[in-house]
Every structure is written in structure tokens, then in C-alpha cells.
Amino acid sequence: MTGDRLAHLSLRFDAIYCIVLGLVVAVTAPFAASGVALSPALLVGVGGATFLWGAYVWRAAQQRPIRTSARLVMVANIIASLGLATTGIVAGTTVLALAAFALAIDVAAFAVSQGIALRRIKGSAAA
């Protein structure tokens with residue numbers, strides 16, 4: 001698979017993941033808040049921000065050339081993954097810790113796929 005194709009697919013899957021996750025977090029905030037010891041308003045805000053980020057990533061997946069968008073999203077995913085891992089370390093509940101670690105792994109996987117795509121794009125440009 002070419003780097004461009006992989007970058008587009010990675011960004012699209014990343015966007016869908018963020019949009020769905022954001023909606024789930026926002027909609028379930030009143031029910032989930034006590035289980036993770038966070039306020040419903042905070043969860044709604046995080047869900048909304050995640051949804052909006054997903055919408056941005058979906059739009060970024062449409063850009064040509066894809067390289068700049070893929071790099072930006074990859075860096076954001078690395079930062080988000082580190083933030084989620086840190087949240088897991090300092091979490092006040094086991095449920096929140098496990099959720100944060102699971103999300104950190106998911107987000108890191110997207111960053112890896114985007115890094116691979118960028119490497120393939122760079123390799124094809126040099127050839």
C-alpha cells in the first residue's frame with residue numbers, strides 16, 4: 001500500500017474513532033461520571049472536544065498533499081497518548097486507569113500507522 005493511501009486510511013479511521021468515542025463519552029457522561037470519579041460536565045466537555053477533533057481529522061484526511069495533515073495528526077496523537085498514559089498513572093479509580101491506558105494504546109497505534117505512512121511517502125519521494 002502506498003504511503004498516501006495508508007495516510008488517508010489511517011486518518012479516516014482515526015476520525016471515525018474520535019467521532020464515535022466523543023459521542024459515546026458525551027452521551028454516557030451522566031451515567032459514567034461516578035464510576036470514573038469525574039464530573040459529568042468534564043466528561044461532556046472531553047467528549048465534545050474529541051468529537052470536534054475527529055471532525056477536524058476527517059477534513060484533514062481530504063487534504064492534498066496528505067503529508068502535512070498526517071504529520072500534524074501524528075504529533076497530536078503522540079501527545080494525547082502520553083497524556084492518557086499519565087492520566088492512567090494518576091487515576092483515582094481502577095476503571096479510569098484501565099480506560100485511560102486502553103485509550104493511550106489505541107491512540108498510539110494511530111500515531112504509529114501515520115508514522116509508517118509518512119515514512120512510505122518520504123521513501124516514494126526519494127525514489
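Overview of the structure.

What counts and how
- Residues numbered from 1 in each chain as written.
- Predicted model: local features only at pLDDT ≥ 70, side-chain atom pairs only at ≥ 80, totals over all residues.
- Heavy atoms only, no water.
- Core = buried A, V, L, I, M, F, W, Y, C linked by side-chain atoms within 4.5 Å.
- Buried < 20%, exposed > 50% of the residue type's maximum accessible area, 1.4 Å probe, protein only.
- Helix = DSSP H or I, 4+ residues; strand = E, 2+ residues; numbered from the N terminus.
- Contact = heavy atoms within 4.5 Å.
- 1 Å grid on protein atoms, 1.4 Å probe; cavity = no way out; pocket = protein on both sides within 12 Å on 5 of 7 lines; lining within 4 Å.
- Points joined across faces, edges and corners; volume = space filled by probe spheres on them.
- Nonpolar A, V, L, I, M, F, W, Y, C, P; charged D, E, K, R; others polar.
- Axes fitted to C-alpha atoms, helices over the stretch in contact; angles between N-to-C directions.
- Parallel < 35°, antiparallel > 145°, perpendicular 65-115°, else oblique.
- Left-handed = near helix turned anticlockwise from the far one by under 90°.
- Expected span 1.5 Å × (residues − 1).

Another point: the nonpolar core. Within the largest apolar cluster, 14 residues are counted, with the highest numbers of intra-cluster contacts made by Ala7, Leu11, Val57 and Ile66. Taken together, the elements giving at least two residues each to this core come down to helix H1 (3-36), helix H3 (67-90) and helix H4 (94-126). For Leu11, the contacting residues outside a window of four places in its chain are Val57, Ala60, Ala61, Ile66, Ser69, Ala70, Val73 and Gln114. Judged by nonpolar contacts, the second largest core, of 5 residues, contains Ala29, Ala33, Leu43 and Leu96.

Let us look at the layout of surface pockets. Quantified by volume, the largest pocket comes out at close to 730 Å³. Looking at the lining of the largest pocket, the elements with two or more residues in it are H1, helix H2 (40-60), H3 and H4. It is H1 that provides the largest number of residues to the lining of the largest pocket, a total of 11 residues. Here the residues of the lining of the largest pocket sort into 22 nonpolar, 7 polar and 1 charged.

This brings us to the packing of H2 against H3. How two helices pack is summed up by the angle between their axes together with the distance between the axes. It is at 10 Å that the axes of H2 and H3 come closest, and there the two elements cross at 155 degrees. Accordingly, the angle class assigned to the pair H2 and H3 is roughly antiparallel. Classified by chirality, the crossing of H3 by H2 is left-handed. On the side of H2, the interface is formed by Trp53, Tyr56, Val57 and Ala60, while H3 contributes Ser69, Leu72, Val73, Ala76 and Asn77. Residue composition of the contact of H2 with H3, grouped by class: 7 nonpolar, 2 polar and no charged.

Now for unusual backbone geometry. Cis geometry is found at the peptide bond from Arg64 to Pro65, where omega equals -5 degrees. For Pro65, the position within the fold is in the loop between H2 and H3. Although it is not a glycine, Ala37 adopts a positive phi angle of roughly 55 degrees. The topology assignment puts Ala37 in the loop between H1 and H2. Look at Ala37 and you get exposed, because its relative accessible area is 53%.

This next bit is on the packing of H1 against H2. Running from N to C, H1 and H2 point in directions that differ by 175 degrees, and their axes come no closer than 7 Å. As far as their axial angle goes, H2 and H1 are roughly antiparallel. When its residues are assigned to classes, the contact of H1 with H2 shows 22 nonpolar, 5 polar and 2 charged.

It is worth spelling out the environment of Pro40 at this point. Considering the arrangement of structural elements, one finds Pro40 in helix H2. Looking at Pro40, the relative accessible area reads 39%, which means it is partly exposed. Put simply, Pro40 and Pro30 are 10 residues apart on the chain and 5.3 Å apart in space, counted from C-alpha to C-alpha. Aside from chain neighbours lying at most four places away, what touches Pro40 is Ala29, Pro30 and Ala33.

Look at H3: 35 Å from first C-alpha to last across 24 residues, which is about the 34 Å you get at 1.5 Å a residue. Along H3, the residues classified as buried are Ser69, Ala70, Val73, Met74, Asn77, Ser81 and Gly88.

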